[in-house]
Amino acid sequence: MTSQSTASLGQTEEEPKPDIHFPEDFVWGVATASFQIEGATTEDGRGPSIWDTFCATPGKVENGDTGDPACDHYHRYRDDVALMRDLGVGAYRFSIAWPRIQPEGKGKPLEAGLDFYDRLVDCVLEAGIDPWPTLYHWDLPQALEDEGGWPNRDTAKRFADYAEIVYSRLGDRITHWNTLNEPWCSAFLGYASGVHAPGRREPAAALAAAHHLMLGHGLAANAIRELGRQAGHAPKVGIVHNQTTVRPYTDSEADRDAARRIDALRNRIFTEPLVKGRYPEDLLADVSGISDYGFVKDGDLEIISTPLDMMGVNFYNPSWVSGNRENGGSDRLPSEDYSPSVGSEHVVDVDPGLPVTAMGWPIDASGMYDTLTRLANDYPGLTLYVTENGAAFDDKVVDGAVHDTERIAYLDAHLRAVHAAIEAGVPLKGYFAWSLLDNFEWALGYGKRFGIVHVDYESQVRTVKDSGLWYSRVVRAGGIVG
Ligand code: LGS
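Small disclaimer: the values here were computed from a predicted structure and weren't measured.

Right, let's get into the overall build of the protein. A tally of helices and strands in the protein yields 15 helices and 15 strands. Expected size for 482 residues packed as a compact globule is a radius of gyration near 23 Å; at 21 Å, the protein falls within 12% of this value. With the C-alpha coordinates aligned to their principal axes, the bounding extent of the protein is approximately 60 × 55 × 45 Å. Classification of the 482 residues of the protein by burial places 61% in the buried group. Considering only residue pairs separated by 6 or more positions, the protein has 78% of its internal contacts joining residues 24 or more positions apart.

This is how it looks when you write it as structure tokens:
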């Protein structure tokens, strides 16, 4: 149900030659996540997730919005895949809803749930698109939260069981698997500041959650590899992190120390155990008043640092921080709850005074370049993908079109930064725009639109935005034209 035909999607007989050319085998994709697009939250035996509970709690989500109807993708996935095919993308990053597979988070899988993803994957493959599932994009079965959630070690084991079930069903058709999406958000927004589900405000539990998420990643990655080996497949397994460049507001010692602390808490807390099998010493010292890290058991770090085939980076903006609270407090920035500084409460986000997106996030594509080159320097040999990048703006459909020039400018600048990083030697193999569709933006509900395709939630009509037409041209040309 698209309001534009293929003919209008920028296909020409001869593709224009790009001025900024990406490698031939570069993966061009779009990304979504189950809870944000599927709807049908009570259908076919799906169990409740922590996000269903959170949405049902008054005051937690803007406007009282819930996971229904979202984009009704559960019923309209064929149209959405056709849309991707028309756009010409090569890969589709989506997530699998754990509560559709195991409504209680454990035990026998639900066939109807597996069937849905089976059909989706076949449909994606038939369209000539490579399916890139993420096993966990925040929709934890509520039953597992009732047993303690991610701060409970057992959740990591349950996650590995779930990964085995999904791989056993879909592993014959899928190469690229990501375990978790942005464990920082699950741990710190979910358990420290509580702006995301399950809405707990327990800093010590957030640190345990971060560890158990990573343990779950390692256990799941090992399980997938082993099943793949037995079946003669060669799965590539990775994880997606929201890494970003953290800049000191000034060159003062206090601001530089603030940047070091937030860098440890946002970035290195995940990448150091993942790649090097250890937690950063400075992080352990910074949070020593909150946790002694007694939840780290013998052998955990070995599991967490199981070899990775790839790492996904979700990049939106760099951040600026100060060790002096007087520098914080801008009305334009999101609330402090979006950057909980566990153990470093004297640190604040600072408004750099740059143009911002509808989320209030500063626009600075140099942060993309800095984030990617830094990862390549710190972890040589790690294959990277940009698994999300995009921006929300206040889009309007006028005469069947959305002229979202700001989003085009944002994507253009960030793709140029990605290209520059590749030129500088970063082993970066692909880029996924966030998002294919406008969707449920977590605690902000449906008000914030990140899609390159507009969704009218009442009629469920999709309208390809100018940015979608632009991205389609980029994808077809293999680079940026003009
Ligand atoms: O929709 C989410 C997008 C939108 O922006 C997606 O589900 C997530 O994977 C991802 O977290 N997403 C996202 N992240 C940007 C977070 C930036 C926080 C910046 C704070 C500014 C000072």
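From this point, the narrative continues.
Grouped together as the largest cluster of nonpolar side chains are 142 residues, with contacts concentrated most on Trp51, Tyr136, Phe188, Leu372, Val418, Tyr431 and Tyr471. Looking at this core element by element, the count peaks at ten residues for helix H9 (residues 203-231). In this view, Phe188 contacts Ser193, Gly194, Ala206, Leu207, Ala210, Leu265, Ile269, Phe270, Pro340 and Val342; residues no more than four positions away in its chain are not counted.

Our focus in this paragraph is the site of the ligand. Taken together, 14 residues lie around the ligand, and Gln36, His137, Glu182, Glu388 and Glu441 are the ones closest in. A distance of 2.8 Å separates an oxygen atom of the ligand from a polar side-chain atom of His137. At a separation of 2.6 Å, an oxygen atom of the ligand approaches a polar side-chain atom of Glu441. Within the complex, the protein chains bury 90% of what would otherwise be the 540 Å² of accessible surface of the ligand. Of the pockets mapped on this structure, the ligand occupies the largest pocket.

Bringing empty space enclosed by the protein into the picture now. Here the structure, examined in full by the defined rule, presents five cavities of 30 Å³ or more. Taken as a whole, the largest cavity encloses approximately 60 Å³ of empty space. Lining the largest cavity are Ile50, Trp51, Tyr136, Trp138, Trp150, Cys185, Ser186, Tyr191, His196 and Ala197. Contributions of two or more residues to the lining of the largest cavity are made by helix H2 (50-55) and helix H8 (183-191). In terms of residues, the lining of the largest cavity owes the most to one element, H8, which gives three residues. Grouping the constituent residues of the lining of the largest cavity by class yields eight nonpolar, two polar and no charged.

Evaluated as defined, the whole model comprises 36 aromatic pairs. When the centroid spacing of 6.2 Å and the interplanar angle of 85° are considered together, the rings of Trp98 and Tyr136 count as edge-to-face. With Trp98 in helix H4 (residues 98-101) and Tyr136 in strand E4 (residues 130-136), this pair connects stretches of sequence that are 38 residues apart. A ring pair is formed by Trp361 and Phe450, whose centres lie 6.0 Å apart and whose planes are at 45°; its orientation type is tilted.

Here the focus is the pairing of strand E3 (residues 91-95). Within E3, five of the five residues are buried, which leaves it mostly tucked inside the rest of the structure. Of the two faces of E3, the one lined by Ala91, Arg93 and Ser95 and the one lined by Tyr92 and Phe94 are each fully buried. The pairing of E3 with E4 spans five bridges and is classified as parallel. Residue pairing for E4: Ala91 is matched across the bridge by Asp130.

Strand order in this open sheet of three strands is E7-E9-E10, and the pairing throughout is mixed. Lying at the two open borders of the sheet, with one neighbouring strand each, are strand E7 (246-248) and strand E10 (348-349). Sheet topology places E7 next to strand E9 (residues 319-322); three bridges connect them, and they run parallel. Residue pairing for E9: Pro248 is matched across the bridge by Val321. Along the sheet, helix H10 (residues 253-276) makes contact with E7 and E9, crossing E7 at roughly 170°.

What follows deals with the environment of Val418. For Val418, the location among the structural elements is in helix H14 (residues 405-423). The residues touching Val418, leaving out its near neighbours within four places in the chain, are Phe22, Phe26, Met368, Leu372, Val386, Leu428 and Tyr431.

With that settled, the discussion passes to the pattern of salt bridges. By the definition in use, this model includes 42 salt bridges. The closest approach of N and O atoms between Arg173 and Asp122, which form a salt bridge, is 3.0 Å. Separated by 51 residues along the polypeptide, Arg173 in the loop between helix H7 (154-170) and strand E5 (176-181) and Asp122 in helix H5 (residues 111-126) bring together distant segments of the chain. We classify Arg173 as partly exposed; its relative accessible area is 21%. Two residues, Asp395 and Lys465, come together in a salt bridge whose shortest N-O distance is 2.6 Å. Residue Asp395 is located in the loop between strand E11 (384-388) and H14, and its partner Lys465 is located in the loop between strand E14 (462-464) and helix H15 (466-477); the two are separated by 70 residues in the primary sequence. Residue classification places Asp395 among the buried residues on the basis of a relative accessible area of 10%.

In this section: the pairing of strand E12 (residues 428-434). Two faces belong to every sheet, and in a regular strand the side chains alternate between them. Across the seven residues that make up E12, a large majority, six, are buried. Both strand E2 (residues 27-31) and E12 contribute to a ladder of five bridges, which runs parallel. Its bridge partner lying in E12, Val30 is registered against Ala433. Note: E11 against E12, two bridges, orientation parallel. Counted as the bridge partner of Val386 is Tyr431 from E12. After leaving E11, the chain enters H14 and then returns to the sheet as E12, a path that is right-handed.

What counts, and where the lines are drawn
Residues numbered from 1 in each chain as written. Predicted model: local features only at pLDDT ≥ 70, side-chain atom pairs only at ≥ 80, totals over all residues. Heavy atoms only, no water. Helix = DSSP H or I, 4+ residues; strand = E, 2+ residues; numbered from the N terminus. Rg over C-alpha atoms; globule rule 2.2 N^0.38 Å. Buried < 20%, exposed > 50% of the residue type's maximum accessible area, 1.4 Å probe, protein only. Contact = heavy atoms within 4.5 Å. Core = buried A, V, L, I, M, F, W, Y, C linked by side-chain atoms within 4.5 Å. Near = heavy atom within 4 Å. Polar contact = N/O pair within 3.5 Å; in protein donor to acceptor, adjacent residues only side chain to side chain. Areas by Shrake-Rupley, 256 points an atom, 1.4 Å probe, with all protein chains shown as cover. 1 Å grid on protein atoms, 1.4 Å probe; cavity = no way out; pocket = protein on both sides within 12 Å on 5 of 7 lines; lining within 4 Å. Sits in = over half its atoms within 2 Å of the grid points. Points joined across faces, edges and corners; volume = space filled by probe spheres on them. Nonpolar A, V, L, I, M, F, W, Y, C, P; charged D, E, K, R; others polar. Phe/Tyr/Trp six-rings, centres within 6.5 Å; stacked < 30°, edge-to-face > 60°. Pairing = 2+ DSSP bridges. Axes fitted to C-alpha atoms, helices over the stretch in contact; angles between N-to-C directions. Salt bridge = Lys/Arg side-chain N within 4 Å of Asp/Glu carboxyl O. Right-handed = clockwise from strand over helix to strand, strands pointing away.

In short, shape yes, function no, at least from these values alone.
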